[in-house]
Amino acid sequence: MSPSAFVRERKLPLPRLVAFLLNAPRAGLQAELDAFFDHALGSGEARPVSKSALCQARRQLRPDALRDLLVHSAQLFAAHSPVPKWHGRRVLALDGSTLRVPEVPECAEAFGGMNTASGRFRPLARASALFDVARGAFVDAALGGFAADERALARGHLPHLTPQDLLLMDRGYPSREWFHELNARGVAFCARISERTWTAVGHFTRGRRSDAVADLGTAATPLSLRLLRVKRPNGSRLVLVTNLF
């Protein structure tokens, strides 16, 4: 973040900090730090780096740089790990989530948040991720404000989608604009869809057919898509929409 950052020799120089973050810590930070230094670096110290030291060092790292490194590592991983495809297509899943972020003024200003039941303000962020199902690895991820729309964040993943992919989505994503955008790029998709907000889907679910083509567009911009009704083992039904005919 500044020319003077990481110039002094410390326990967390820039390469070591980046290596730790790329290692994708999942457990408690202190436990992950201890394991990283003990096993990856062969350190004999009982607790070589504290959580506080990590947080201070991380604040000096430009977020865009780390994001570029993560994207690059994901591309390398995909290029060197052949995986079975579904009818010649790479299967990707798209989903979003809400994340707690550190309770500091910078996060509250950047992401927003909500008041808890006790009246305390909690900073929160909205995350969106593109996941390679067969490899079990992330292709891309984006972080936005708590008030951000999931589909708006999902548009940031479009450069990572190709006509050789099949994109899976939950029922929060279907919209005419989003479907048109994916069609224009030649990206195949399959999503859960609600019968309550789509008239054509309601007509389909009240009928007897389990596979039909319906127009989900408007008079000005038609949108022919395929609707499927799937019966689950527990007897409930699942309605899917796809542009694979």
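Residues numbered from 1 in each chain as written. Predicted model: local features only at pLDDT ≥ 70, side-chain atom pairs only at ≥ 80, totals over all residues. Heavy atoms only, no water.

**Q** Explain the overall build of the protein to me, please; I cannot follow it from the model alone.
**A** Regarding its fold elements, the protein presents eight helices and nine strands. What you see for the protein is a C-alpha radius of gyration of 23 Å, clearly larger than the 18 Å of a compact globule of 245 residues, by over 25%. Oriented by its inertia axes, the alpha-carbon framework of the protein measures out at about 70 × 50 × 40 Å. The 245 residues of the protein split such that 35% are buried. Considering only intrachain contacts with a sequence separation of at least 6, the fraction spanning at least 24 residues in the protein is 49%. Total accessible area on the protein is roughly 14900 Å²; 54% of this is exposed by carbon and sulfur atoms. Between the averaged position of the 34 positive side-chain charges in the protein and that of its 22 negative side-chain charges there is a distance of 6 Å. (Helix = DSSP H or I, 4+ residues; strand = E, 2+ residues; numbered from the N terminus. Rg over C-alpha atoms; globule rule 2.2 N^0.38 Å. Buried < 20%, exposed > 50% of the residue type's maximum accessible area, 1.4 Å probe, protein only. Contact = heavy atoms within 4.5 Å. Areas by Shrake-Rupley, 256 points an atom, 1.4 Å probe, with all protein chains shown as cover. Lys, Arg positive; Asp, Glu negative; His and termini not counted. Charge placed at Lys NZ, Arg CZ, Asp CG, Glu CD.)

**Q** Looking at this structure, I do not really get helix α7 (residues 176-184). What am I missing?
**A** Owing to its 3.6 residues per turn, the α-helix brings residues three or four apart onto one side. Inspection of α7 places Trp178, Phe179 and Leu182 among the buried residues, and these make up the whole buried set. Taken down its axis, α7 places every buried residue within 100° of arc, on the same side. Among the exposed residues of α7, those pointing more than 90 degrees away from its buried face are Glu177 and Ala184. Contact partners of the buried residues in α7: β1 (90-100), α6 (150-154), β5 (165-169), β6 (188-192), β8 (224-231) and β9 (237-242). (Arc of directions from axis to C-beta.)

**Q** For this particular structure, what's the right way to read the packing of aromatic side chains?
**A** Enumeration over the complete set of coordinates arrives at five aromatic pairs. Ring centres 6.3 Å apart and planes at 35° place the aromatic pair phenylalanine 179 and tryptophan 198 in the tilted group. Here phenylalanine 179 is found in helix α7, whereas its partner tryptophan 198 is found in the loop between β6 and α8 (199-206), with 19 residues between them in sequence. Take phenylalanine 179 and tryptophan 198: they sit in the same class, and that class is buried. Pairwise contacts between aromatic rings join Phe20, Phe36 and Phe37 into one cluster. The positively charged end of arginine 229 is found above the aromatic ring belonging to phenylalanine 204, 5.2 Å away from the centroid. (Phe/Tyr/Trp six-rings, centres within 6.5 Å; stacked < 30°, edge-to-face > 60°. Lys NZ or Arg CZ within 6 Å of the ring centre and 35° of its normal.)

**Q** Got a minute to help me understand the side chain of arginine 229 in this structure?
**A** In this fold, arginine 229 is placed in strand β8. No salt bridge is formed by the buried arginine 229; the nearest opposite charge belongs to glutamate 195, separated by 7.2 Å. Here glycine 207 takes part through its backbone oxygen, which lies 2.9 Å from a polar atom of the side chain of arginine 229. Leaving out residues up to four positions away in the same chain, arginine 229 has contacts with Phe204, Thr205, Gly207, Arg208, Arg209, Ser210, Arg237 and Leu238. (Salt bridge = Lys/Arg side-chain N within 4 Å of Asp/Glu carboxyl O. Polar contact = N/O pair within 3.5 Å; in protein donor to acceptor, adjacent residues only side chain to side chain.)

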